[in-house]
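Remarks on the overall topology
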Amino acid sequence: MPPGAVHTPPPRGPEPRLRPFDPASPADLSGLYDVCLRTGFHGEDATGRYADPLLLGDVYAGPYAAHDPALVTVVDDGAGVAGYVIGCADTLGFEQWARERWWAGVRRRHRELVAGGVRPTELDTALLRSLDRPPGPRPYLHGRAAHPAHLHIDLLPHAQGRGLGRRLVEHLLVQFGARGVAGVHLGVSTRNPGAVAFYRRLGFSELVEPGAGATGLTMGLRLR
């Protein structure tokens, strides 16, 4: 910079804002899928790791938006969806709905993709198999100290570090509370220590003692 020159910072785009997901907007839905893929490998970009680029969204974003769109809040950065929080108030009810109404369509679409010549990666295959695998014991879904709700939150890198994650989660917790939900749980990869620390700061703690070599934690928070 020449002597005496004044540094002018580049213009900033609009500040990201939180708003409800619009179930009638194809752009909002594709934005959910895009964010899900670009944060889908332990918090990092999963683009190219899945032969089927829609599969992660079909499992972790699309069904929630279809099942209960009121519990989806997005971060809008002016150019589109840059993050979201997604939840369901009743995990067991959601899983039954997905078995009856959603997973068959996901498998059919994926089979058509493979029939067209796409070769699944190990990640594609493992994720599809997980849909058929009965979940193990989940004592935190039952009893007086139950955590029946669950959530997913993802933010693109440029939307991180601005307090948006806390705002998203706190907003969803208020929604859960208004529905009388007693507690909420979530899964987080041990390969994403920043996310683990983030949830601890919000008051979440482990609900299940992780076994040796565990790659994920189940954390929960009581709401009442």
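Below or above, wherever it landed, is the structure these notes cover. (Residues numbered from 1 in each chain as written. Predicted model: local features only at pLDDT ≥ 70, side-chain atom pairs only at ≥ 80, totals over all residues. Heavy atoms only, no water.)

To continue, consider the pairing of strand β3 (residues 81–88). Of all eight residues that make up β3, eight are buried, and the element is covered over most of its length. If you look at the hairpin formed by strand β2 (residues 72–76) and β3, you'll find four residues sitting between the two strands, and G78 has a positive phi there, around 95°. Note: β3 against strand β4 (residues 149–155), six bridges, orientation antiparallel. Across the sheet, the residue bridging to G83 is L155, located in β4. (Buried < 20%, exposed > 50% of the residue type's maximum accessible area, 1.4 Å probe, protein only. Helix = DSSP H or I, 4+ residues; strand = E, 2+ residues; numbered from the N terminus. Pairing = 2+ DSSP bridges.)

One open sheet holds the seven strands; their spatial order is β1-β2-β3-β4-β5-β7-β6, and the pairing between them is mixed. Looking at the sheet topology across the chains shown, the edges are occupied by β1 (17–20) and β6 (205–206). As judged from the four bridges shared by β1 and β2, these two strands associate in the antiparallel manner. Its bridge partner lying in β2, P20 is registered against T73. With respect to the sheet, helix α4 (residues 91–101) is in contact with β3, β4 and β5 (183–189), its orientation differing from that of β4 by roughly 75°. (Contact = heavy atoms within 4.5 Å. Axes fitted to C-alpha atoms, helices over the stretch in contact; angles between N-to-C directions.)

With the rule as written, the count across this model stands at zero disulfides. You can see C36 has no disulfide; the closest cysteine sulfur is in C88, sitting 15 Å from it. For C88, a relative accessible area of 1% puts it in the buried group. (Disulfide = S-S within 2.5 Å.)

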